[in-house]
Amino acid sequence: MSGSWHAAGKKEPIVTGDAIEPGSLLQPAEEAHEQSITILLPDGQRVLYECFNAQDCARGFRVPSLYREPDLNAIDLMARVGAVLLRDDRPTKPHEEPHVPRDESVAVLSPENKVKIAGLAAALSNDTYWYEVRPLSGNSSLQPRHAFEKSTRLITITLPSEGLFDVSIVDHLNTPRIDLLVVAFRQPRAAKVLKSFEVVQELLKEWNENYQGWPIHDFQRAFLRSVVLGVPPSSWHANRTARTLKEISHADVTAEPRFSPKPGVFHGDTEVTLQCDTDSATIHYTVDGSQPFTQSSTYHAPIMVKGTELTIKAFATANGKKDSPVVTGIFRIGD
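Predicted model only: the values in this text are computed from it and were never measured. (Residues numbered from 1 in each chain as written. Predicted model: local features only at pLDDT ≥ 70, side-chain atom pairs only at ≥ 80, totals over all residues. Heavy atoms only, no water.)

**Comments concerning the packing of aromatic side chains**
Move 1: For the structure shown, the criterion picks out 11 aromatic pairs.
Move 2: Here the aromatic rings of W5 and F61 are separated by 5.7 Å at their centres, their planes lie at 50 degrees, and the arrangement is tilted. Here W5 is found in strand β1 (residues 5–7), whereas its partner F61 is found in strand β5 (residues 61–62), with 56 residues between them in sequence. The same class applies to W5 and to F61, which are both buried.
Move 3: Ring plane angle 50 degrees and centroid distance 5.9 Å describe the contact between Y131 and F148, whose orientation is recorded as tilted. Of the two residues, Y131 is situated in strand β8 (residues 127–135) and F148 in strand β9 (residues 146–150); the sequence distance between them amounts to 17 residues. (Phe/Tyr/Trp six-rings, centres within 6.5 Å; stacked < 30°, edge-to-face > 60°. Helix = DSSP H or I, 4+ residues; strand = E, 2+ residues; numbered from the N terminus. Buried < 20%, exposed > 50% of the residue type's maximum accessible area, 1.4 Å probe, protein only.)

What follows is the structure in structure tokens.
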């Protein structure tokens with residue numbers, strides 16, 4: 001998120017991790033420019049809003065309604081991630097590199113305090129590597145650097161105890177290779193945590209396939225931190241149905257464009273029409289996920305959704321009235 005945002009009717013600014021109700025109207029700070037915010041919804045929708053001058057920012061942005069009822073795992077994940085982000089004061093690791101590949105693993109801790117790790121570690125070429133362990137739970141301190149030989153599809157490392165750990169792996173040139181978050185427990189707790197983590201992995205994989213750009217590693221790490229560190233889920237009030245918005249109309253604001261049919265998943269190519277209840281209004285729109293401006297295409301005819309997915313963003317303008325907020329419709333062709 002860049003800049004200051006708030007939901008209409010609320011004075012408090014939005015902070016990273018806040019729960020945003022589907023259908024909310026988001027507004028950048030007054031006289032704002034070059035603002036951006038990404039909204040992640042529990043039905044898998046991911047929407048980026050951005051504006052670059054006061055005129056475009058002043059329109060505001062309408063968060064899409066949910067197109068399907070989120071399952072309990074999705075609601076739990078969003079609540080846990082939100083809680084961790086709202087309270088996260090974990091300092092950045094001194095050796096943390098921004099472009100080092102990240103991975104997360106839930107492993108069984110042996111009686112000798114060893115764990116076997118696959119994932120990205122399996123892609124390392126056979127060689128000698130070093131790892132450094134930084135405990136994120138318990139009373140253990142930063143562990144001395146140790147070497148290990150990579151000769152199979154698994155690597156074996158030693159941990160000081162059960163818990164949550166940052167593990168940095170470097171090669172013989174001291175080049176960071178993997179930034180690894182490890183949860184290590186003895187059985188049967190390891191199996192229980194692994195089962196819940198696998199559900200989260202599948203859920204995020206599905207969301208990212210449908211709406212690319214989900215911060216998968218951030219979410220997986222926040223989920224594991226919530227589970228291991230006992231961070232209670234925040235109160236996420238997901239609507240049980242895709243709600244119909246009943247906003248108070250303002251005579252000086254152009255009505256928001258409406259999609260027909262409503263956004264969602266369709267079984268074949270779909271024709272989408274845009275309508276506005278303000279007489280003589282002009283609708284400007286984009287179909288590539290970018291923000292519409294007054295120079296964007298003017299709506300004249302139905303838009304065809306073919307292939308897999310199309311994101312339509314639109315606003316309406318009329319003489320003597322303020323522009324409507326930007327609305328977003330994500331249409332997917334699938335099963």
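Next comes the rest of the account.
**So, the confidence of the model for the protein chain**
Move 1: Confidence in the prediction for the protein chain averages 89 pLDDT; 91% of positions are at 70 or higher.
Move 2: Taken element by element, the protein chain is modelled with least confidence in helix α1 (residues 54–58), mean pLDDT 88, and with most confidence in strand β16 (residues 282–286), mean pLDDT 98.
Move 3: Long-range and interchain partners of residues 90–96, a stretch whose pLDDT sits below 50, account for 12 contacts in this model, where long-range means more than four residues apart.
Move 4: Note on residues 237–248: pLDDT is under 50 here. Beyond four places in sequence and across chains, it has 21 contacts. (pLDDT = per-residue confidence, 0-100. Contact = heavy atoms within 4.5 Å.)

**Observations regarding the pairing of strand β4 (residues 46–51)**
Move 1: Residues V47, Y49 and C51 of β4 are buried on one face, while the alternating residues R46, L48 and E50, pointing to the opposite face, are not.
Move 2: Looking at chain direction, strand β3 (residues 35–40) and β4 are connected through six bridges and run antiparallel. Each residue of the ladder has a partner; that of I39, found in β4, is V47.
Move 3: Between β3 and β4, which pair antiparallel one after the other, the connecting turn spans five residues, and G44 there sits at a positive phi close to 100 degrees. (Pairing = 2+ DSSP bridges.)

**Focus: the state of the cysteines**
Move 1: Overall, the coordinates contain one disulfide when judged by the stated rule.
Move 2: The partner cysteine of C51 in its disulfide is C57, sulfur to sulfur 2.0 Å. Across the S-S bond of C51 and C57 the torsion is about 100 degrees, and the bridge reads as right-handed. (Disulfide = S-S within 2.5 Å.)

**Some points on the environment of G320**
Move 1: Structurally, the position occupied by G320 is in the loop between β19 (309–317) and β20 (327–333).
Move 2: Its relative accessible area of 84% is what places G320 among the exposed residues.
Move 3: For the pair G320 and V253, spaced 67 residues apart in sequence, the C-alpha to C-alpha distance is 8.8 Å.

**Some thoughts on unusual backbone geometry**
With the exception of glycine, the majority of residues adopt a negative phi angle, and the majority of peptide bonds are in the trans configuration.
Move 1: A cis amide bond links Q187 to the next residue, P188, at an omega of 5 degrees.
Move 2: By the element assignment, P188 lies in the loop between β12 (176–185) and α3 (189–210).
Move 3: Here the amide bond leading from S260 into P261 is cis, since omega sits at 0 degrees, within 30 degrees of zero.
Move 4: As for its placement among the helices and strands, P261 is situated in the loop between β13 (258–260) and β14 (264–266).
Move 5: Despite not being glycine, N174 shows a phi value in the positive range, around 65 degrees.
Move 6: Residue placement: N174 occurs in the loop between β11 (163–170) and β12.
Move 7: Residue N174 is classed as partly exposed on the basis of its relative accessible area, which comes to 45%.
Move 8: The phi angle at S280 is positive, at roughly 60 degrees, despite the residue not being glycine.
Move 9: With respect to the secondary-structure elements, S280 resides in the loop between β15 (270–275) and β16.
Move 10: Judged by relative accessible area, S280 falls into the exposed class, the value being 72%.

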